[in-house]
Amino acid sequence: MCAIVGIYGNDNAARLASLALFSMQHRGQEATGISSSDDGRIYTKKDRGLVSEVFKEEALSYLKGNMAIGHNRYSTAGGDSILDAQPVFAKYKLGEISIVHNGNLINKKEVRNDLIDKGAIFQTGMDTENLIHLIAKNTQDRLRDRIKEALEKTIGAYCFIVQSRSKQFVIRDRYGIRPLSLGKIKSGGYIVASETCAFDLVDAEFVRDVNPGEMLIFSEDHEEPESIQLFEAEFRPCAFEYVYFARPDSEIDGKNVYRTRENMGKALAKNDTESKTKYDMVVPVPDSGVPAALGYAAQSGVPFEYGIIRNHYVGRTFIEPTQEMRSMKVKMKLSPMRSLIAGKSLLVIDDSIVRGTTSKRIVRMLKDAGAKEVHFRVASPEIKFPCYYGIDTPNKEELISNNMSKEEVREYIEADSLEYLSIDDLTNAIGNDRNYALESFDGDYFVKE
């Protein structure tokens, strides 16, 4: 998950990086950080908390220079120490270096243990730090060559931005699992970010997506970024970006997220033959369930209503690190519209069911508010397998659909009926022109060690 950004060639680099991170706050709420580079020195500021809390005027004034990289943390590896916030900074033979990373390295333990056996000392629990050590221990004279050889030992889902004192290196893994896009800033310079929603806030124009297996190099030697294809592309973009992670106004690898979610809702309605007579209204679980609910309503003719109101001052619940925090935030975030739903049969649409606890609370909340029936529809397939490519579902025991049948899940969440989107309908909704990463749904772990 996480959010990364790189700004190159703009005198307000750190400020623009903070704006980009603010627009991508939905990708990580635990910690945030920025490294800038100026006059042969790298400056870094990072801390726990939201972007608006960490990057006040004093912090931004400290981050000098016309290039900066930034990160919003959502933990899938490492702990909750401030040391596990990014960027990761180090000094080594060629000078100073700072790195941000979105994704998850599946061979991180093997690489780390080998480095420790050779004398490396680690400061964090993050897989990102592996790359720092691999680069530092390499004997090549050029940083680009050190990065390339380090990546040959790195397996998994990753988007890296590596910043030296004068250059930026942007890399996307050969599968393109996590998104990364390039834009040109109207006031000067370039931006690379996890989502295109960051471009609007910094007044940048979309140029293209970073290709799977590609490295972009930003330097004073070239007016435009230099492109090197490091690895042969085997494109497998993550379907969960379209289901939940990405902001609706982002374009992920040429696909509009809002439209794909709307298509998911339409597909649910096509398979729900009783919809016109059985339900009084379609109710989304805000906010990620809204586009799918609008699609369902448009396809079925059942009225769309905001039967649940969200408190927008509460962040996303799925990316909270503990179940206790997730449960508390559900209570704080969602409230039923009692006068609207009392005595009504509701068709409730959410983007996914992972652990089932949130869905159970939502159904109970609606019935306590007077709903006659609550029929639950999920705009994605059953999540039966853990993801090792950057989603916080590491154990099968946490996944309710791995442990229960559909009927048992329905009984657990206390819904009157329950249906999921099929895998075929999901890929049709996104577009069948690509082979998507669907490991959470079908167990196909295509990245091999």
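My aim in this report is to walk through the structure given alongside it, one point at a time. What you are looking at is a predicted structure, and each value in this text was computed from that prediction instead of being measured.

By size, the foremost hydrophobic cluster in this structure holds 47 residues, and its most contacted members are Ile-177, Phe-240, Met-264, Val-282, Tyr-296, Tyr-389 and Leu-426. Listed in part, the 28 residues of the second largest apolar core include Leu-131, Tyr-158, Phe-169 and Leu-230.

With respect to the secondary-structure elements, Glu-439 resides in helix α18 (residues 439-442). Buried charge Glu-439 goes without a salt bridge, the closest partner of opposite sign being Arg-178 at 6.1 Å. Apart from the residues lying within four places of it in its own chain, the contact partners of Glu-439 are Phe-385, Cys-387, Tyr-389, Asp-444, Tyr-445 and Phe-446.

Glancing now at the packing of helix α5 (residues 128-137) against helix α6 (residues 143-151). Look at α5 against α6: their axes get within 9 Å of each other, and the N-to-C directions meet at 125°. As summarised for this structure, α5 and α6 are arranged oblique, according to the angle between their axes. The hand of the α5/α6 crossing is right-handed. Here Leu-131, Leu-134, Ile-135 and Ala-136 of α5 come into contact with α6, specifically with Leu-143, Arg-146, Ile-147, Ala-150 and Leu-151. A per-class count over the contact of α5 with α6 returns 8 nonpolar, no polar and 1 charged.

Take the packing of helix α9 (residues 257-270) against helix α17 (residues 423-430) next. Orientation of α9 relative to α17, taken along the N-to-C sense of each, is 140°, at an axis distance of 8 Å. In terms of their interaxial angle, α9 and α17 are classed as oblique. Classified by chirality, the crossing of α17 by α9 is right-handed. The residues of α17 that touch α9, namely those facing Thr-260, Asn-263, Met-264 and Ala-267, are Asp-425, Leu-426, Ala-429 and Ile-430. Among the residues forming the contact of α9 with α17, the class breakdown is 5 nonpolar, 2 polar and 1 charged.

What follows concerns the environment of Met-281. Note on placement: Met-281 falls in strand β16 (residues 281-284). The class of Met-281 is buried, set by a relative accessible area of 4%. Along the chain, Met-281 and Val-348 lie 67 residues apart, while their C-alpha atoms are 8.5 Å from each other. Those residues in contact with Met-281 that lie beyond four places of it in its chain are Val-302, Pro-303, Glu-305, Leu-340, Ile-341, Lys-344, Ser-345, Leu-346 and Leu-347.

As a further point, take the sheet that holds β16. Picture the strands of a sheet paired through backbone hydrogen bonds; they go either parallel or antiparallel. An order of β16-β19-β20-β21 is seen for the 4 strands of this open sheet, with the pairing classed as parallel. Two strands bound the open sheet, and with one partner strand each, they are β16 and β21 (417-420). Direction aside, the axes of adjacent strands within the sheet are offset by 25° on average. For β16 and strand β19 (residues 345-350), the ladder comprises 4 bridges, and the chain directions are parallel. By the bridge assignment for β19, Val-282 is matched with Leu-347. Helix α11 (residues 290-300) contacts β16 and β19 of the sheet and is inclined by roughly 165° relative to β16. Lying on the sheet, helix α16 (residues 406-413) is in contact with β20 (373-378) and β21; it crosses β21 at an angle near 130°.

Looking now at helix α14 (residues 357-368). With 12 residues, α14 extends 16 Å between its outermost C-alpha atoms, agreeing within 8% with the 16 Å of an ideal straight helix rising 1.5 Å per residue. Among all positions in α14, only Ser-359, Ile-362, Val-363, Met-365 and Leu-366 are buried. Down the axis, α14 shows its buried residues gathered within 160° of arc, on one side only. Among the structural elements, β17 (308-310), β18 (334-336), α13 (338-341), β19, β20 and α16 are those in contact with the buried residues of α14. Two residues or fewer past α14, Gly-370 is found with a positive phi of approximately 110°.

This next bit is on the pattern of salt bridges. Inspection of the entire model under this criterion finds 25 salt bridges. A salt bridge links Lys-367 to Asp-416, with the nearest nitrogen and oxygen atoms 3.3 Å apart. Of this pair, Lys-367 sits in helix α14 while Asp-416 sits in the loop between α16 and β21, placing them 49 residues apart in sequence. In this structure, a network of salt bridges that share partners links the residues Arg-27, Arg-178, Glu-195 and Glu-241.

With that out of the way, let us pick up the sheet that holds strand β5 (residues 88-92). If you walk across this open sheet you meet the 6 strands as β5-β6-β7-β8-β12-β13, and the pairing is antiparallel. Edge positions in the sheet fall to β5 and β13 (226-229), since each has one partner strand and no second. Geometrically, the sheet is characterised by an average inter-axis angle of 20° between neighbouring strands, direction not taken into account. Examined bridge by bridge, strand β7 (residues 156-163) and strand β8 (residues 168-172) share 5 bridges and lie antiparallel to one another. Within the sheet, the bridge partner assigned to Phe-160 lies in β8 and is Ile-171. Sheet strands in contact with α5 are β5, β6 (95-105) and β7, and its direction is about 140° off that of β6.

Rules used in this analysis
Residues numbered from 1 in each chain as written. Predicted model: local features only at pLDDT ≥ 70, side-chain atom pairs only at ≥ 80, totals over all residues. Heavy atoms only, no water. Core = buried A, V, L, I, M, F, W, Y, C linked by side-chain atoms within 4.5 Å. Buried < 20%, exposed > 50% of the residue type's maximum accessible area, 1.4 Å probe, protein only. Helix = DSSP H or I, 4+ residues; strand = E, 2+ residues; numbered from the N terminus. Lys, Arg positive; Asp, Glu negative; His and termini not counted. Salt bridge = Lys/Arg side-chain N within 4 Å of Asp/Glu carboxyl O. Contact = heavy atoms within 4.5 Å. Axes fitted to C-alpha atoms, helices over the stretch in contact; angles between N-to-C directions. Parallel < 35°, antiparallel > 145°, perpendicular 65-115°, else oblique. Left-handed = near helix turned anticlockwise from the far one by under 90°. Nonpolar A, V, L, I, M, F, W, Y, C, P; charged D, E, K, R; others polar. Pairing = 2+ DSSP bridges. Expected span 1.5 Å × (residues − 1). Arc of directions from axis to C-beta.

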